[in-house]
Amino acid sequence: MASSPPKIIETSLVFPPAGSVPGTSIPLTFFDVAWLSFAPVERLFFYPFHHSTSHFTSYCLPALKSSLSLTLQSFFPLTGNIRLTPETTDKYEIYYKSGDSVALTVAESDRYDEVFSDHPRQISKLKTLLPCLSKSESSGLQPVLAIQVTVFPSHGLVIGTTLHHSACDGKGSVNFMCTWATICHTNYSKVLQASTPFRIEVDRSIIPDPDGSLYTAILNNLSGTENHNLDSIQSDPEMLLASFKLKAEHIQLLKEVLLHEAAKRNVTLRCSTAVVTYAFVWAGYVKAKSTLSETEDVYCMFATDHRQSYQPPIPENYLGNCIGPCIVQAKVKDLIGPAGFFVACQAIGKAFDEVKRVGIQNAEDWGKIVLEIGSHKPFGTSGSFRFKVYDVDFGWGKPAKVDIVSVAYSGAMAVAESREQDGMEIGLCFTQREIEVFTNYIGEGLGYMSTLVN
């Protein structure tokens, strides 16, 4: 039976404090413009909440709104719209003017059991917890951010965000959520009204591109790609979002196995949490996708942070994109074979080393590279175990769960730190059969690897 959508309780607009932000145009950089045609990032933060909807709207919602308003004073680009710069044909910008706002929707649902917990959940049901981010056909303005809060009376609540990737990368997005939660949780509203806003760097000129050649190259290469509108994407009813956890001891085991196998082969490899975890998951993902031919080439496309590629480095509080593609290639037959984990580690480690060596020197080719492998539906990552999404506490405690629903459209794995212990959480979009294959792979794979180093 089809799930009924949440009941809309209220839709409102939240503004930065009056007069706190002047009208501003922020030109997109070559990092930003690469994401123009990609679907927005959809995140869900699940919280326990043992109160009624009326309690939420009376006591919690005012604090959420006031703290969001104060947060938007610093993160004002998220309140603006993406548009073509007037009198240009290819220059895009985030334009903020007084009166711009973020749409905040409050809804209520009784479908708690369908969306909470770690069991696989239908993408279509999770999507009802997310707000739309529709471009205006008349003005051509593309909103950057929308928020929805869905209350499950006496059980929990979910904060869903839909964010256009051209505005900022994952680090900036989580920084926004942590700042909002901090202001709300600590009840800073009264003391912050007249104080200096949180220091966020929005100046795009710190990303060097003196003659604009990198911007032009990436925009021209990606200009023919489809502009995804999430409102029009129909979810496959068979696709489920499944969560898997790798404990700290599992990750340590993977590192020990990699070092053991490298020593046997007399080779030196990069051995890091990212390498071994992504390799282990990638090999299992390929095994689960039975439609792949053993003779096929398969690809990974990881997002790598380039803040350290510059001197001086781009500051951590920069609100914009500073990530580029890292491409990994392997044969299906090699990944599903007995040495699949080692093959994946070798390929990923080599690609990471190359990105570190090259930095942004090949940035003008990024658009062409992404287009070339796009038809192969590359595997990838969304999020990071370094973002600390479980620190987003609005005063109701840490999230019980955090999901990135947009991996259903990108073919990536959602990555986050583990909530309860050191380790990592992985979210993957699978059919039920693929979930069973991947679950068996994790159990049997870790069991087999423990025999290699004991």
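That block above? That's the structure.
In this report, the structure presented in the accompanying data block is examined. None of these values were measured; they are calculated from a predicted model.

Each value, and the rule that gives it
Residues numbered from 1 in each chain as written. Predicted model: local features only at pLDDT ≥ 70, side-chain atom pairs only at ≥ 80, totals over all residues. Heavy atoms only, no water. Helix = DSSP H or I, 4+ residues; strand = E, 2+ residues; numbered from the N terminus. Rg over C-alpha atoms; globule rule 2.2 N^0.38 Å. Buried < 20%, exposed > 50% of the residue type's maximum accessible area, 1.4 Å probe, protein only. Contact = heavy atoms within 4.5 Å. Lys, Arg positive; Asp, Glu negative; His and termini not counted. Charge placed at Lys NZ, Arg CZ, Asp CG, Glu CD. Pairing = 2+ DSSP bridges. Core = buried A, V, L, I, M, F, W, Y, C linked by side-chain atoms within 4.5 Å. Axes fitted to C-alpha atoms, helices over the stretch in contact; angles between N-to-C directions. Parallel < 35°, antiparallel > 145°, perpendicular 65-115°, else oblique. Left-handed = near helix turned anticlockwise from the far one by under 90°. Nonpolar A, V, L, I, M, F, W, Y, C, P; charged D, E, K, R; others polar. Expected span 1.5 Å × (residues − 1). Arc of directions from axis to C-beta. Salt bridge = Lys/Arg side-chain N within 4 Å of Asp/Glu carboxyl O. Polar contact = N/O pair within 3.5 Å; in protein donor to acceptor, adjacent residues only side chain to side chain. Phe/Tyr/Trp six-rings, centres within 6.5 Å; stacked < 30°, edge-to-face > 60°. Lys NZ or Arg CZ within 6 Å of the ring centre and 35° of its normal.

Comments concerning the overall build of the protein
Thinking step 1. Broken down by element type, the protein carries 14 helices and 17 strands.
Thinking step 2. Taking 454 residues into account, the globule formula puts the C-alpha radius of gyration at 22 Å, and the protein, at 22 Å, falls close to it.
Thinking step 3. A principal-axis box enclosing the C-alpha atoms of the protein has dimensions of 65 × 55 × 40 Å.
Thinking step 4. Expressed as a percentage of the 454 residues in the protein, the buried residues total 52%.
Thinking step 5. The long-range fraction of contacts in the protein, counting pairs at least 24 apart against all pairs at least 6 apart in sequence, stands at 79%.
Thinking step 6. Charged side chains of the protein number 37 positive and 46 negative; the gap between the two group centres comes to 3 Å.

Notes on the sheet that holds strand E2 (residues 24-27)
Thinking step 1. Spatial strand order, E2-E5-E4-E8: four strands in an open sheet with antiparallel pairing. Looking at the sheet topology across the chains shown, the edges are occupied by E2 and strand E8 (142-143).

Some details on the nonpolar core
Thinking step 1. With 67 residues, the main nonpolar core has Phe30, Phe56, Leu78, Ile159, Phe176, Phe394 and Trp396 as its most contacted residues.
Thinking step 2. It is helix H5 (residues 170-185) that provides the largest number of residues to this core, a total of seven residues.
Thinking step 3. Setting aside residues up to four positions removed in sequence, tryptophan 396 forms contacts with Tyr47, Pro48, Phe49, Phe56, Cys60, Leu64, Leu157 and Ile159.
Thinking step 4. Of all hydrophobic cores here, the second largest spans 53 residues; its members include Leu254, Ala344, Val415 and Leu446.

Some words on the packing of helix H8 (residues 248-265) against helix H14 (residues 432-452)
Relative placement of two packed helices is described by the angle separating their axes and the distance separating the axes.
Thinking step 1. In contact at an axis separation of 9 Å, H8 and H14 are set at 50° when each is read in the N-to-C sense. Considering their axes alone, H8 and H14 lie oblique with respect to each other. Crossing of H8 against H14: the hand is left-handed. Contacts between H8 and H14 involve His250, Leu253, Leu254, Val257, His260 and Glu261 on the former and, on the latter, Leu446, Met449, Ser450 and Leu452.
Thinking step 2. Partitioned by chemical class, the residues of the contact of H8 with H14 number six nonpolar, three polar and one charged.

Focus on the packing of helix H9 (residues 273-288) against helix H11 (residues 340-358)
Thinking step 1. Where H9 contacts H11, the axes come no closer than 8 Å and their chain directions differ by 130°. As judged from the angle between their axes, H9 and H11 are oblique. As for the relative orientation of H9 and H11, their crossing is right-handed in sense. Listed contacts from H11 to Ala274, Val275, Val276, Tyr278, Ala279, Phe280, Trp282 and Ala283 of H9 are Gly340, Phe341, Ala344, Cys345, Ile348, Gly349 and Phe352.
Thinking step 2. Of the residues assigned to the contact of H9 with H11, the class counts are 13 nonpolar, two polar and no charged.

Thoughts on the pairing of strand E15 (residues 401-404)
Thinking step 1. Burial of the side chains of E15 extends over both faces: Lys401 and Asp403 are buried on one face and Val402 and Ile404 on the other.
Thinking step 2. Pairing of strand E3 (residues 41-48) with E15, which is carried by four bridges, proceeds in the antiparallel orientation. Residue pairing across strands places arginine 43 opposite isoleucine 404, the latter belonging to E15.

Describing the sheet that holds strand E1 (residues 7-14)
Thinking step 1. In space, the six strands of this open sheet follow the order E1-E6-E9-E10-E3-E15, with mixed pairing throughout. The sheet terminates laterally at E1 and E15, the two strands that pair on one side only. Shown here is a sheet whose adjacent strand axes are inclined to one another by a mean of 15°, direction ignored.
Thinking step 2. Sheet topology note: the strand E6 (residues 102-108)/strand E9 (residues 145-152) ladder contains six bridges and is parallel. In the strand pairing of E9, leucine 104 is matched with isoleucine 147.
Thinking step 3. Taken strand by strand, helix H2 (residues 53-74) contacts E1, E6, E9 and strand E10 (156-163), and its axis lies near 25° from that of E1.

Section: H8
Thinking step 1. Along its 18 residues, H8 runs 26 Å from first to last C-alpha, staying within 8% of the 26 Å computed at 1.5 Å per residue.
Thinking step 2. When we look at burial in H8, the residues that qualify are Ile251, Leu253, Leu254, Val257, Leu258, Glu261 and Ala262. One side of H8 carries all its buried residues, which in axial view fall inside an arc of 165°. Away from its buried face, by an angle of more than 90 degrees, H8 presents the exposed residues Glu249 and Ala263.
Thinking step 3. On its buried side, H8 packs onto strand E11 (240-247), H9, H11, strand E17 (423-430) and H14.
Thinking step 4. Asparagine 266 sits one or two positions beyond H8 and adopts a positive phi of about 60°.

What to know about the side chain of arginine 43
Thinking step 1. Mapping arginine 43 onto the fold places it in strand E3.
Thinking step 2. The buried charged residue arginine 43 lacks any salt bridge, with glutamate 417 as its nearest oppositely charged partner at 8.6 Å.
Thinking step 3. Not counting chain neighbours up to four residues away, the residues in contact with arginine 43 comprise Leu130, Ile159, Gly160, Thr161, Ser173, Val174, Gly383, Phe387, Val389, Asp403 and Ile404.

Thoughts on the side chain of glutamine 148
Thinking step 1. Following the sequence through the fold, glutamine 148 ends up in strand E9.
Thinking step 2. Among the polar contacts made by the side chain of glutamine 148, one reaches the main-chain carbonyl oxygen of threonine 128 at a distance of 3.1 Å.
Thinking step 3. In contact with glutamine 148, other than residues within four places in its own chain, are Thr105, Ala107, Thr128, Leu129, Leu130, Pro131, Val158, Ile159 and Gly160.

Details of the packing of aromatic side chains
Thinking step 1. In this structure the tally under the stated criterion is 26 aromatic pairs.
Thinking step 2. Ring centres of phenylalanine 244 and phenylalanine 438 lie 4.7 Å apart, and the angle between their planes is 65°; on these two criteria the pair is classed as edge-to-face. Note that phenylalanine 244 is positioned in strand E11 and phenylalanine 438 in helix H14, a separation of 194 residues in sequence.
Thinking step 3. A residue is classified by how much of its surface remains accessible, and phenylalanine 244, at 10% relative accessible area, is buried.
Thinking step 4. Taking the relative accessible area as the measure of exposure, phenylalanine 438 reaches 2% and is therefore buried.
Thinking step 5. Taking the centre distance of 6.4 Å and the plane angle of 80° together, the rings of phenylalanine 280 and phenylalanine 341 count as edge-to-face. In this pair, phenylalanine 280 is assigned in helix H9 and phenylalanine 341 in helix H11, connecting sequence segments 61 residues apart. Pair check on accessibility: phenylalanine 280 and phenylalanine 341 agree, each one buried.
Thinking step 6. Sitting over the face of the ring of tyrosine 95, arginine 83 holds its NZ or CZ atom 3.7 Å from the ring centroid.

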